[in-house]
Every structure is written in structure tokens, then in C-alpha cells.
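For reference, the chains in residue letters:
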Amino acid sequence: VSEVKSMLDAWIKEIEIISQDTTRYWTDIYWESKLYDLLEEIDKIPWDFKIRLFYMYPDSMTLSHLERLKNLKKLLPYFDIPFQHISPEILKKMWRFYNEEHIYKLLDYIKSNFPGVFIHTNFIVWFPGESEEDFEKLCNFAKKYEFDSVSMFGYHDEDLAASSKLWDKVTDR
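Residues numbered from 1 in each chain as written. Predicted model: local features only at pLDDT ≥ 70, side-chain atom pairs only at ≥ 80, totals over all residues. Heavy atoms only, no water.

*Asks:* I'd like a description of the overall build of the protein, backed by residues and values.
*Replies:* Of regular secondary structure, the protein possesses seven helices and five strands. Each principal axis of the C-alpha atoms in the protein carries an extent, and together these give about 55 × 35 × 25 Å. For the protein, the computed accessible surface area is about 10,200 Å², with 55% contributed by carbon and sulfur atoms. Computed over 22 positive and 31 negative side-chain charges, the separation of the two mean positions in the protein equals 4 Å. (Helix = DSSP H or I, 4+ residues; strand = E, 2+ residues; numbered from the N terminus. Areas by Shrake-Rupley, 256 points an atom, 1.4 Å probe, with all protein chains shown as cover. Lys, Arg positive; Asp, Glu negative; His and termini not counted. Charge placed at Lys NZ, Arg CZ, Asp CG, Glu CD.)

The following block contains the structure:
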């Protein structure tokens, strides 16, 4: 909060909160996210400014979290949520701890409760084991929700990543 106040003293008008996974703010200390508490405190600061959030992973986002965000007066209706895929099989291989139903609930709530919303997401394609059906499901998901912005990343092995040990690589792209 003090850092935000010092930025506001320098006439900064938009506070961007970003990390590798913003939804896990302070979980290393409190074993639960304190992001929403922080945002509520920042929102109380009596200046004319806006707050923008980046990289809010869906596995640690709930409808009650979104309800708290909805009550913030300074929050821009910008959601950067890296869903990464929609196929249950691929999400499981990616070690993602959420499913289609959870994703649909989050998106439906966001679209219904945040006027003028802008939604950005990221997808990883060609993940080991991704079938034509998985890819088609991802395409249909993207069409259904008409995201405002999508970043697509082609999978490639990273030496220390568990996925590099998976045998069923997608070779014919």
C-alpha cells in the first residue's frame, strides 16, 4: 500500500499488479492468498487512479474472489487469465488443477458482472498427447468465449520440466 501511495505521489495513474501468479500473492507466508485483502486496501486510497491485474491463474480463483473484485471501485475490468488449455486430459498432463466446469463458471461470472470487460488468455498447443480432438475442443472454446486477446504458444521441451519426460510428443504440426 505504501508503494502504491509513493507511485501516486509521482502522478502515476494506473497501478499494474503483476507476478508469475498474482492470485497466489503472499501464499508463501500465510498459506492463503492475500491479494484480495491488498486490493481492498489499495482501493481505499483517495486518489484518482486505476488498478490492472495480470496473470491470475484459474486454479486459485473462485467466484467469491471475483465477487470481491466486483466491489472494487478502481479495478479496470481487465482479466489476464492463462487458461492454457480446455481439454481435461491435457490440463491433467500439464498439472493444472482446474477443469472445464470451473473455467466456464469463472468466465460466465466475469462476462455477466464486469461491464466493458476485456479478457486476455494464453494457450499452449502441441502439448505432448494433444490429439486433433483436444485441439478442436480448444478452438471451439476460444470461439465460444470470444476472448479479446489470445497468446498462443507452441509447446517445446524445457530440460527441468516434467513434461519433457512425456513420450507422446506432437510431431506433425
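Having seen the model, we can carry on.
*Asks:* Provide a residue-level description of the sheet that holds strand β4 (residues 118-125), including the pertinent values.
*Replies:* With parallel pairing, the three strands of this open sheet are ordered in space as β3-β4-β5. Edge positions in the sheet fall to β3 (78-80) and β5 (149-154), since each has one partner strand and no second. Averaged over all neighbouring strand pairs, the angle between strand axes comes to 15 degrees, with direction disregarded. Bridge count for β3 against β4 is three bridges, and the pairing is parallel. Bridge pairing in β4 links Tyr78 to Phe118. (Pairing = 2+ DSSP bridges. Axes fitted to C-alpha atoms, helices over the stretch in contact; angles between N-to-C directions.)

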